[in-house]
Amino acid sequence: VTGTNGKTTTSRMIHRMLLDSGRASGLACSDGVYIGDRLDCAGDLAGVPGHYRLLENPAIDCAVMETARGGIATMGIAYDRCAVAVCLNVTPDHLETHGIESLGQMARLKRTVLERALDGAVVNADDPLCLAMPAGLRAKNICLVSMQRSFGELCRSHAQCSHFALLERTDGEEWVVLYDRGTRMPVIQVARIPASCGGLARHNVSNALHAIAAAYLVGIEVAAMRASLSRFQMNFESNPGRLNFHDSGPVRFLVDYAHNPDGIAKLSEFVDRLQPAGRKLVAFSAAGYNPEAIITGNAHAAAGHFDAYVCYNFLTNCEKGYVEVPGMLARTLLENGVPPSRVFVEQGAPDALDTLCALARPGDLVVFLAGYSDRPRIWARIVSGDLPAIGVGDACGYADAARATVRH
């Protein structure tokens, strides 16, 4: 499973469906290597080291391998062949590293995963770079996934594709529907997929569509997929850092891993659809190794969607000397019309969480977009209640005037 965003959630969904259908499945992803439900080794293992560890384990009979760009660019791919390959999307992130200067080059790199598929290739028909990938692949079946286009439209324009995973409305309800050479198979109502948050999390609807397509091509029955996805939860225990909510205090916390422009745009759209009773506050950052256009793109994507913004530095940024990221984000927010009184800068995640709590009032939605290294500590503080008092700001709900200025 490759792509810019959604790889881990999609991989976990496929792994869950395989386990629930009776397979002895293993998973290698950016959170670690899992044998069944057991974590075998923690860490970002969505590349060759994790894949080798998984493939050498005699306890499994199938492997789900998240395959990240960095691993391909630096170490290659651990497998010559696979049954099914998935490409979710190609969006701006990790450019100008490892010789990858453009999205076109990134797409060619990710296509190398699809080239290894024998039984099926699953591609996002709503992403032009993905849609150009199927030509010349050796996979027996090509499945196009779309949240926007109809079966008839895709059939007419892509006659070489035998399978489709689409969204369709039936009796007022949105359904995931599979097509196998013209045979229509309704799979599940979107509202019955907890990861979709009632259909509001459109990026997870897309992830579920790709996971269903991949599961079908490896032989999982529709009824088994339906049962499995209806139980798949977006909690910290089963999918850390991906739409993890915590509701036990005066505010509602949401921790997520959105860290590039496309991810933050989709997360912001989701938060808009939630329509919380109170305000929406966010802490966010960007990977310092990206070019400035991608770093500032995170702020462009967030601007206008929240009532207060805390720009901070990922722990890995600090460790590698990328200390200018929060200032770049803050300046971009101001350039996009966010009032200075609503923009705050902190160097680290712990201070960013403290600032959010100082700004928050009961009923607010507090969103923390945590980096991989910061995530466990931030989540632990939230669930333990090891936080400053909520709502110590001024009458407008923001911190005192001395802090209501961007600190460079």
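Before reading on, note that the structure itself is shown above.
All values derive from a computational prediction rather than experimental measurement.

Caption draft 1: Quick peek at the overall build of the protein. Helix and strand counts for the protein stand at 14 helices and 16 strands. The C-alpha atoms of the protein give 21 Å as radius of gyration, which agrees with the globular expectation for 408 residues (22 Å, within 12%). Here the C-alpha coordinates of the protein stretch approximately 65 × 50 × 40 Å along the principal axes. Relative to its 408 residues, the protein shows a buried fraction of 58%. Pairs at least 24 residues apart make up 63% of the contacts formed inside the protein by residues separated by at least 6 positions. Here the protein has roughly 15900 Å² of accessible surface; of this, 51% comes from carbon and sulfur atoms. In the protein, the 38 positive side-chain charges and the 42 negative ones have mean positions that sit 4 Å from each other.

Caption draft 2: Seen up close, the layout of surface pockets. Put simply, the second largest pocket is a space of about 450 Å³. Considering the residues around the second largest pocket, the lining is formed by 21 residues, among which Ala63, Val64, Cys82, Ala83 and Val84 are closest to the centre. Those elements giving two or more residues to the lining of the second largest pocket turn out to be helix H1 (7–20), strand S4 (62–65) and strand S5 (82–87). For the lining of the second largest pocket, a count of residues per class yields 18 nonpolar, no polar and three charged.

Caption draft 3: Representation of the pattern of salt bridges. Enumeration according to the criterion identifies 23 salt bridges in this entry. With a closest N to O distance of 4.0 Å, Lys140 and Asp119 form a salt bridge. On the criterion of sequence distance, the pair formed by Lys140 in the loop between helix H5 (128–131) and strand S7 (141–146) and Asp119 in strand S6 (residues 117–124) is long-range, its members being 21 residues apart. Residue class for Lys140 comes out exposed when judged on its relative accessible area of 67%. Here Asp119 falls in the partly exposed class, since its relative accessible area comes to 30%. With its nearest N and O atoms 2.9 Å apart, the salt bridge here joins Glu174 to Arg202. One end of the pair, Glu174, is in strand S9 (residues 173–180); the other, Arg202, is in helix H7 (residues 202–217), and 28 residues separate them in sequence.

Caption draft 4: Local environment of the sheet that holds strand S2 (residues 32–35). Taken together, the four strands give an open sheet; going across it, the order is S3-S2-S1-S4, and neighbouring strands pair in mixed fashion. Every other strand in the sheet has two partners, leaving strand S3 (38–42) and S4 as the edge strands with one partner each. Neighbour-to-neighbour, the strand axes of this sheet turn through a mean angle of 15°, independent of strand direction. Its contacts with the sheet put H1 on strand S1 (25–29), S2 and S4, and the angle it makes with S1 is roughly 170°. The strands touched by helix H2 (residues 48–55) are S1, S2, S3 and S4; relative to S4, the strand with the most contacts, the crossing angle is about 170°.

Caption draft 5: Highlighting the sheet that holds S9. Overall, mixed pairing links the six strands, which are arranged S5-S6-S7-S8-S9-S10 in an open sheet. Taken across any chain shown, the strands that pair with only one partner, and hence form the sheet edges, are S5 and strand S10 (183–189). On average, each strand axis in the sheet is inclined to that of its neighbour by 25°, with strand direction left out of account. By the bridge criterion, five bridges tie S5 to S6 in an arrangement that is parallel. The residue of S6 that forms the bridge with Val86 is Val122. In the packing of helix H4 (residues 103–114) onto the sheet, the strands contacted are S5 and S6, and the crossing angle to S5 comes to about 150°.

Caption draft 6: Spotlight on helix H13 (residues 349–359). Taking burial as the measure, the 11 residues of H13 include eight buried ones, the bulk of the element. Every buried residue belonging to H13 is among Ala349, Ala352, Leu353, Thr355, Leu356, Cys357, Ala358 and Leu359, and all of these are buried. Check the buried side of H13 and you find it contacts strand S12 (252–256), strand S13 (280–284), strand S14 (308–311), strand S15 (343–345), strand S16 (365–369) and helix H14 (375–384).

Caption draft 7: Representation of the packing of helix H10 (residues 292–302) against helix H12 (residues 325–335) in the model. At a minimum axis separation of 8 Å, H10 and H12 run at an interaxial angle of 55°. Relative to H12, the element H10 is oriented oblique. Like other packed secondary-structure pairs, H10 and H12 cross with a definite hand, here right-handed. Seen from H10, the contacting residues are Glu292, Ile295, Thr296, Asn298, Ala299 and His300; seen from H12, they are Val325, Met328, Leu329, Thr332 and Leu333. Residue composition of the contact of H10 with H12, grouped by class: six nonpolar, four polar and one charged.

Caption draft 8: Spotlight on the environment of Arg381. Its location among the elements puts Arg381 in helix H14. The class of Arg381 is buried, set by a relative accessible area of 15%. Considering only alpha carbons, one finds Arg381 and Pro350, 31 residues apart in sequence, at a separation of 9.1 Å. Those residues within four positions of Arg381 in sequence are excluded, and the remaining contacts are Pro350, Leu353, Asp354, Asp386, Leu387 and Pro388.

Caption draft 9: Layout of unusual backbone geometry. For Asp171, which is not glycine, the phi torsion reads 50° and is therefore positive. Position of Asp171 among the secondary structure elements: in the loop between strand S8 (163–170) and S9. Overall, Asp171 belongs to the exposed group, its relative accessible area being 79%. Not every positive phi belongs to a glycine, and Cys197 is a case in point at roughly 50°. Its place among the elements puts Cys197 in the loop between S10 and H7.

Caption draft 10: Broad picture of the state of the cysteines. Inspection of every chain in the model, using the stated rule, returns zero disulfides. For Cys87, which is in no disulfide, the shortest distance to another cysteine sulfur is to Cys130 and amounts to 3.8 Å. Left unpaired, Cys143 is separated from the closest cysteine sulfur, that of Cys161, by 8.4 Å.

Reading guide: rules and limits
- Residues numbered from 1 in each chain as written.
- Predicted model: local features only at pLDDT ≥ 70, side-chain atom pairs only at ≥ 80, totals over all residues.
- Heavy atoms only, no water.
- Helix = DSSP H or I, 4+ residues; strand = E, 2+ residues; numbered from the N terminus.
- Rg over C-alpha atoms; globule rule 2.2 N^0.38 Å.
- Buried < 20%, exposed > 50% of the residue type's maximum accessible area, 1.4 Å probe, protein only.
- Contact = heavy atoms within 4.5 Å.
- Areas by Shrake-Rupley, 256 points an atom, 1.4 Å probe, with all protein chains shown as cover.
- Lys, Arg positive; Asp, Glu negative; His and termini not counted.
- Charge placed at Lys NZ, Arg CZ, Asp CG, Glu CD.
- 1 Å grid on protein atoms, 1.4 Å probe; cavity = no way out; pocket = protein on both sides within 12 Å on 5 of 7 lines; lining within 4 Å.
- Points joined across faces, edges and corners; volume = space filled by probe spheres on them.
- Nonpolar A, V, L, I, M, F, W, Y, C, P; charged D, E, K, R; others polar.
- Salt bridge = Lys/Arg side-chain N within 4 Å of Asp/Glu carboxyl O.
- Pairing = 2+ DSSP bridges.
- Axes fitted to C-alpha atoms, helices over the stretch in contact; angles between N-to-C directions.
- Parallel < 35°, antiparallel > 145°, perpendicular 65-115°, else oblique.
- Left-handed = near helix turned anticlockwise from the far one by under 90°.
- Disulfide = S-S within 2.5 Å.

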